[in-house]
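Overview (structure and organization)
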Amino acid sequence: MEMPRRAAFGAAVPISIKSKVPQSGDNYVKKIYLVIDKNPSPLAAVYEFKPDSGLAEMETRIRVQEYSHVRVIAEMSDGQLHMDSKYAKVSGGCTQPPNRDQAKHRAELGTMKFRLIDKPVAGQTHPVQLNIRHPNNTGMELDQITVMYVPPHYVSRLAVTYSGKPILTAVMDFSISEDPFLRFNFVPGTSGELKAEIMDSKELTFSHAMPVEVGGL
């Protein structure tokens with residue numbers, strides 16, 4: 001796991017998780033648990049990977065409320081557990097007041113965008129980034145205009161498929177930053193469709209799909 005020891009902004013701390021284990025059929029990273037010890041909700045997310053994920057690697061941004069250990073626990077397909085941790089010296093992430101155009105943000109709620117890093121090659125692990133427009137309100141943020149707490153509203157579930165086959169699923173809470181972004185991998189066999197579906201804490205659902213053209217070696 002890689003993350004800054006001192007981050008400039010506690011509501012959007014970048015974190016990168018990398019695995020040296022290939023996602024082979026008989027031994028692969030099944031789940032990654034992201035834990036922030038001293039957050040109001042310590043279990044920030046559980047990501048579930050498949051062999052078609054290529055490598056169980058990901059990047060995202062998290063909220064850190066006070067100085068805390070941040071832990072990543074990898075559950076292998078055979079049940080073994082492995083952990084890495086870092087100590088983050090940052091605070092205020094879960095109570096940081098929203099700094100956005102509220103009306104515009106509501107109008108764009110749930111919109112998503114995939115970004116391929118470069119042209120995919122058949123059978124090779126390929127990185128892709130997903131951006132989600134969502135406030136991910138914690139319920140502990142004080143609106144500076146209304147002087148009232150903003151009700152909690154955050155992305156709670158994510159499912160990514162390629163040509164109908166699951167690539168990545170996640171259960172998340174408000175410890176993931178506003179406008180969540182996630183960089184992960186997939187292994188395309190042939191040209192197909194990359195699709196993301198999300199559900200938030202108000203049970204609103206959104207989806208986005210993008211065609212992917214796959215080249216040869």
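This text follows the structure it describes.
Residues numbered from 1 in each chain as written. Predicted model: local features only at pLDDT ≥ 70, side-chain atom pairs only at ≥ 80, totals over all residues. Heavy atoms only, no water.

What follows concerns the pattern of salt bridges. On inspection of all chains with the given rule, the structure shows seven salt bridges. Close ionic contact of Arg-71 with Asp-37 constitutes a salt bridge, the shortest N to O distance being 2.8 Å. Here Asp-37 lies in the loop between strand 2 (29-36) and strand 3 (43-49) and Arg-71 lies in strand 5 (residues 68-76), a separation of 34 residues in the sequence. What makes Asp-37 partly exposed here is its relative accessible area of 30%. The partner of Lys-50 in a salt bridge is Glu-48, with the nearest N and O atoms 3.4 Å apart. Its relative accessible area of 22% is what places Lys-50 among the partly exposed residues. Residue Glu-48 is classed as partly exposed on the basis of its relative accessible area, which comes to 22%. Each of Glu-108, Arg-133 and Asp-179 takes part in salt bridges that share partners, so that together they form one network. (Salt bridge = Lys/Arg side-chain N within 4 Å of Asp/Glu carboxyl O. Helix = DSSP H or I, 4+ residues; strand = E, 2+ residues; numbered from the N terminus. Buried < 20%, exposed > 50% of the residue type's maximum accessible area, 1.4 Å probe, protein only.)

This part is about the nonpolar core. Counting 47 residues, the largest nonpolar core has Leu-34, Tyr-47, Ile-62, Val-70, Leu-158, Phe-184 and Leu-194 as its most contacted members. Excluding residues that lie within four positions of it along the chain, Val-70 makes contacts with Met-1, Met-3, Ile-15, Leu-34, Val-35, Ile-36, Ile-62, Asp-84, Ser-85, Lys-86 and Ala-88. (Core = buried A, V, L, I, M, F, W, Y, C linked by side-chain atoms within 4.5 Å. Contact = heavy atoms within 4.5 Å.)

Read from one edge to the other, the open sheet built from eight strands follows the order 6-5-2-3-10-9-12-13, with strand pairing classed as antiparallel. Each edge of the open sheet carries a strand with a single partner, namely strand 6 (81-88) and strand 13 (205-212). Across this sheet, the average inter-strand angle for adjacent strands is 10°, counted without regard to direction. Pairing of strand 9 (residues 155-162) with strand 10 (residues 165-172), which is carried by six bridges, proceeds in the antiparallel orientation. Pairing of Val-160 across the sheet is with Leu-168, part of strand 10. (Pairing = 2+ DSSP bridges. Axes fitted to C-alpha atoms, helices over the stretch in contact; angles between N-to-C directions.)

Moving on, we come to unusual backbone geometry. Backbone geometry follows two general trends: most residues other than glycine have a negative phi, and most peptide bonds adopt the trans configuration. One non-glycine residue, Val-147, lies in positive phi territory at about 55°. With respect to the helices and strands, the residue Val-147 is situated in the loop between strand 8 (126-132) and strand 9. Owing to a relative accessible area of 58%, Val-147 belongs among the exposed residues under this scheme. Backbone geometry places Glu-203, a non-glycine residue, at a positive phi of 65°. Along the chain, the position of Glu-203 falls in the loop between strand 12 (192-200) and strand 13.

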